[in-house]
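Commentary on secondary and tertiary structure
Here are the chains, one letter per residue:
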Amino acid sequence: MSFNELTIESALKGLKNKQFSSVELAKNYNERIKKSQSNCFITTTEEVALKQAEQSDKKIASGQGGLLEGVPIAVKDLFCTKGVRTTAASKILGNFIPQYESTVSANLFKSGAVMVGKTNLDEFAMGSANITSAYGNVLSPWKSTKHPKKKLVPGGSSGGSAAAVAEDLALGSLGTDTGGSIRQPAAFCGITGIKPTYGRCSRWGTVAFASSLDQAGVFAKNVKDSALLLQAISGYDEKDSTSVNLEVPNWFANINSNLKGKKIGIPKEYNVDGIPEEIKKIWEKGAEFLKAAGAEIIEVSLPHTKYALPVYYTVAPAECSSNLARYDGVRYGHRTSEKTNSLDEMYEKTRAEGFGDEVKRRIMIGTYVLSAGYYEAYYVKAQKIRTLIAQDFATAFEKVDAILTPTAPSAAFEIGANEDDPVKMYLNDIFTIPASLAGLPGIAVPAGLNDEGLPLGLQIITKPWDEQTCFNVAKAIEDQAGYKLPSF
Ligand code: GLN
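All values derive from a computational prediction rather than experimental measurement.

1. Concerning the overall build of the protein chain
Of regular secondary structure, the protein chain possesses 16 helices and 11 strands. A globule of 488 residues ought to have a C-alpha radius of gyration of about 23 Å, and the protein chain, at 21 Å, matches this closely. C-alpha extents for the protein chain along the principal axes are approximately 65 × 55 × 50 Å. When each of the 488 residues of the protein chain is scored for burial, the buried share is 59%.

2. Considering the site of the ligand
In the vicinity of the ligand lie 15 residues, with Thr178, Gly179, Ser181, Tyr312 and Arg362 positioned nearest. One of the backbone nitrogen or oxygen atoms of Thr178 is found 2.7 Å away from an oxygen atom of the ligand. Interatomic distance of 2.7 Å between a side-chain N/O atom of Arg362 and an oxygen atom of the ligand. Considering only residue class, the shell around the ligand consists of 5 nonpolar, 7 polar and 3 charged.

3. Some remarks on the nonpolar core
By size, the foremost hydrophobic cluster in this structure holds 147 residues, and its most contacted members are Phe124, Phe393 and Leu404. For this core, the leading source of residues is helix H10 (residues 308–323), giving 8 residues. Residues within four places of Leu404 in sequence aside, it is in contact with Ile264, Gly265, Ile266, Pro267, Trp283, Gly286, Ala287, Leu290, Leu458, Gln459, Ile460 and Ile477.

4. Points about the sheet that holds strand E2 (residues 72–76)
Here we have 11 strands laid out as an open sheet, ordered E1-E3-E2-E4-E6-E5-E10-E11-E9-E7-E8, and mixed in their pairing. The open sheet has two edge strands with one neighbour each: strand E1 (41–44) and strand E8 (296–300). This sheet shows a mean twist of 30 degrees between the axes of neighbouring strands, independent of strand direction. Where strand E4 (residues 172–177) lies against strand E6 (residues 215–220), 6 bridges are found, and the strand directions are antiparallel. Across the sheet, the residue bridging to Asp177 is Gln215, located in E6. Packing against the sheet, helix H7 (residues 223–233) makes contact with E2, E4, strand E5 (192–195), E6 and strand E10 (442–449), and its axis sits at approximately 145 degrees to E6.

5. Some details on the packing of H10 against helix H13 (residues 375–396)
Taken N-terminus to C-terminus, the directions of H10 and H13 make an angle of 125 degrees; their axes are 9 Å apart at the nearest point. As the angle between them shows, H10 and H13 are arranged oblique. The handedness of the crossing between H10 and H13 is left-handed. When H10 is examined against H13, the residues Ala308, Val311, Thr314, Val315, Ala318 and Glu319 are found in contact with a partner set consisting of Tyr378, Tyr379, Ala382, Gln383, Ile385, Arg386 and Ile389. Considering only residue class, the contact of H10 with H13 consists of 9 nonpolar, 2 polar and 2 charged.

6. Structural notes on H10
The end-to-end C-alpha distance of H10, which contains 16 residues, comes to 22 Å, matching closely the 22 Å that a straight helix rising 1.5 Å per residue would cover. The buried fraction of H10 is high, at 14 of 16 residues.

7. Focus on the pattern of salt bridges
Per the stated rule, a full pass over the model turns up 17 salt bridges. One salt bridge in this structure joins Asp168 and Lys221, with 3.0 Å as the shortest N-O distance. Taken as a pair, Asp168 in the loop between helix H5 (159–166) and E4 and Lys221 in the loop between E6 and H7 lie far apart in primary sequence, 53 residues in all. What makes Asp168 buried here is its relative accessible area of 5%. Lys221 sits in the buried class, given a relative accessible area of 15%.

8. Some points on unusual backbone geometry
Geometrically, the link from Gly156 to Ser157 is a cis peptide bond, its omega value of 10 degrees lying close to zero. With a phi angle near 60 degrees, Asn39 is a residue other than glycine that sits in the positive phi range. Within the secondary structure layout, Asn39 lies in the loop between helix H2 (22–35) and E1.

9. A closer look at a nonpolar patch on the surface
Together, Tyr368, Tyr374 and Tyr378 give the surface a local cluster of nonpolar side chains, amounting to about 300 Å² of exposed area. In this fold, Tyr368 is placed in helix H12 (residues 357–370).

10. Section: the packing of aromatic side chains
In this description, an aromatic ring pair is defined by two values, namely the gap between the centres and the angle between the planes. According to the stated counting rule, one finds 18 aromatic pairs in the structure shown. Aromatic side chains Phe96 and Tyr332 sit 5.6 Å apart centroid to centroid with 75 degrees between the ring planes, which places their arrangement in the edge-to-face category. Taken together, the residues span a long stretch of sequence, with Phe96 in the loop between E2 and helix H4 (103–110) and Tyr332 in the loop between H10 and helix H11 (343–354) at a distance of 236 residues. Residue classification places Tyr332 among the partly exposed positions, given a relative accessible area of 24%. Their ring planes at 80 degrees and their centres at 4.7 Å tell us that Tyr312 and Tyr313 sit as a pair that is edge-to-face. Summarising the burial analysis for this pair, Tyr312 and Tyr313 share the class buried. Three or more aromatic residues joined by ring pairs form one cluster here, namely Phe96, Phe124, Tyr327, Tyr332 and Phe355. Lys239 extends its terminal NZ or CZ atom over the ring of Trp204, reaching a point 4.3 Å from the ring centre.

11. A few points about the packing of H2 against helix H3 (residues 46–61)
Packing of H2 against H3 brings their axes to within 8 Å, and their N-to-C directions diverge by 160 degrees. Taken as axis vectors, H2 and H3 run roughly antiparallel relative to one another. Both H2 and H3 take part in a crossing whose hand is right-handed. In this structure, H2 contributes Ser22, Val23, Ala26, Lys27, Asn30 and Lys34 to the contact, and H3 contributes Glu46, Ala49, Leu50, Ala53, Glu54, Ser56 and Asp57. Considering only residue class, the contact of H2 with H3 consists of 5 nonpolar, 3 polar and 5 charged.

12. Examining the pairing of E2
With 5 of 5 residues buried, E2 is to be regarded as a mostly interior element. Judged by which residues are buried, E2 turns out to be covered on both faces: Pro72, Ala74 and Lys76 on one side and Ile73 and Val75 on the other are all buried. Both E2 and strand E3 (residues 114–119) contribute to a ladder of 5 bridges, which runs parallel. Bridge assignment links Ile73 to a residue of E3, and that residue is Met115. Regarding the hand of the β-α-β motif, the stretch spanning E2, H4 and E3 is right-handed. Bridge count between E2 and E4: 3 bridges; the pairing is parallel. Along E4, the bridge assignment pairs Ala74 with Ser173.

Rules behind the numbers
Residues numbered from 1 in each chain as written. Predicted model: local features only at pLDDT ≥ 70, side-chain atom pairs only at ≥ 80, totals over all residues. Heavy atoms only, no water. Helix = DSSP H or I, 4+ residues; strand = E, 2+ residues; numbered from the N terminus. Rg over C-alpha atoms; globule rule 2.2 N^0.38 Å. Buried < 20%, exposed > 50% of the residue type's maximum accessible area, 1.4 Å probe, protein only. Near = heavy atom within 4 Å. Polar contact = N/O pair within 3.5 Å; in protein donor to acceptor, adjacent residues only side chain to side chain. Nonpolar A, V, L, I, M, F, W, Y, C, P; charged D, E, K, R; others polar. Core = buried A, V, L, I, M, F, W, Y, C linked by side-chain atoms within 4.5 Å. Contact = heavy atoms within 4.5 Å. Pairing = 2+ DSSP bridges. Axes fitted to C-alpha atoms, helices over the stretch in contact; angles between N-to-C directions. Parallel < 35°, antiparallel > 145°, perpendicular 65-115°, else oblique. Left-handed = near helix turned anticlockwise from the far one by under 90°. Expected span 1.5 Å × (residues − 1). Salt bridge = Lys/Arg side-chain N within 4 Å of Asp/Glu carboxyl O. Patch = residues over 30% accessible without salt bridge, like charges linked within 9 Å, V, L, I, M, F, W, Y side chains within 5 Å. Areas by Shrake-Rupley, 256 points an atom, 1.4 Å probe, with all protein chains shown as cover. Phe/Tyr/Trp six-rings, centres within 6.5 Å; stacked < 30°, edge-to-face > 60°. Lys NZ or Arg CZ within 6 Å of the ring centre and 35° of its normal. Right-handed = clockwise from strand over helix to strand, strands pointing away.

Nothing here speaks to function; it is geometry throughout.
Below you can see the structure in the form of structure tokens.
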């Protein structure tokens, strides 16, 4: 068996049957990462990987081992990893080495996974193309068949995590999703990505962007692998007050793509003006796949959809401006080396040097919408509309088990496109943001290729805590789409 055909599931089998060892697997991935030109990683962790793999081999030999024992996984550089530099792709955290492990990465290691490195992202997870990183942009391994010279973005903000799995630099990866940062890059890179229900994974030890929206999740080559990986990182954590004390189901074992008796909603408001023909087509095809799997397709209405983007781009910057106030040059990371005459001046210089343009833009917007006189008009209003958006979903879920939408309004675009216009870039999140505002689980699954040979994804949204239905419906699409991730 060649290593680059492996999935998490088949790697676990191969390890168990002694076809190869975890150390061999880790060496293979360390080597692949070294050769890669796509800048998926901010920090590689060869030594950590080899050490963890040795321990896994011992456990496997003694018949023990966790859910992911010996499997190489990449970790978004937003999760604090004890003793391993954690930058959030920002200059301001360039020399930050955490003294503690985030709960999600701790869970990952408890399950026996092997960390191959910390992946690149948009600075503080703000972006849709992985172009705002202080450590350079990430290249997608995909090429347009019509314009093979064009360099394509992997999507963002978890662009490094998505591209690493697509390029087979790891068998799976961790991401975070605040408004689409797992689902949109999964779609752009032709892999599966899931953001679970808000509260399913602990946020403790994850660098905060917008706390009421931030949620950890995973990328994998297929739906079953993503279920296994999500199982490993989920669970209650008393250190996060928004973490919910619910048992983590065995999603992996219970995946069932027979959708007989299930009702799937198509939200008419997602048929937005200017949606490209290829996106409409793949959406229709997805509905056909689900019908063939036994589901009934029903039109539903989510009337407040059109407000989702402006609400998100009010709430998220507000929370970001508050969360990022802690980077003051005193407690964390970078401090200006220039001579300053007052504490305020030190703060100002440190933050001016440490943050990139997009982060500064969000801090300014957030500070503005939270300021006296504007708070009621913008922030409070946005929160009220957020409640209406959540209610739209609750009403729709009285009639249907899941909602099917496109993941993103286009396939991956060229590096440099949309960069001059932040609002155009924000439009990328049009289909993913509503579920984020409502705290609902959403999975992105590849459904086919466009006429340039680039992958297009579909999104399935379900009720809170019903990740199982996300996996089941996604599996039905996967089974029928006939899509296969190429070897790059
Ligand atoms: N693209 C969105 C933003 O820039 C979402 C980012 C995310 O989910 N972290 O805010």
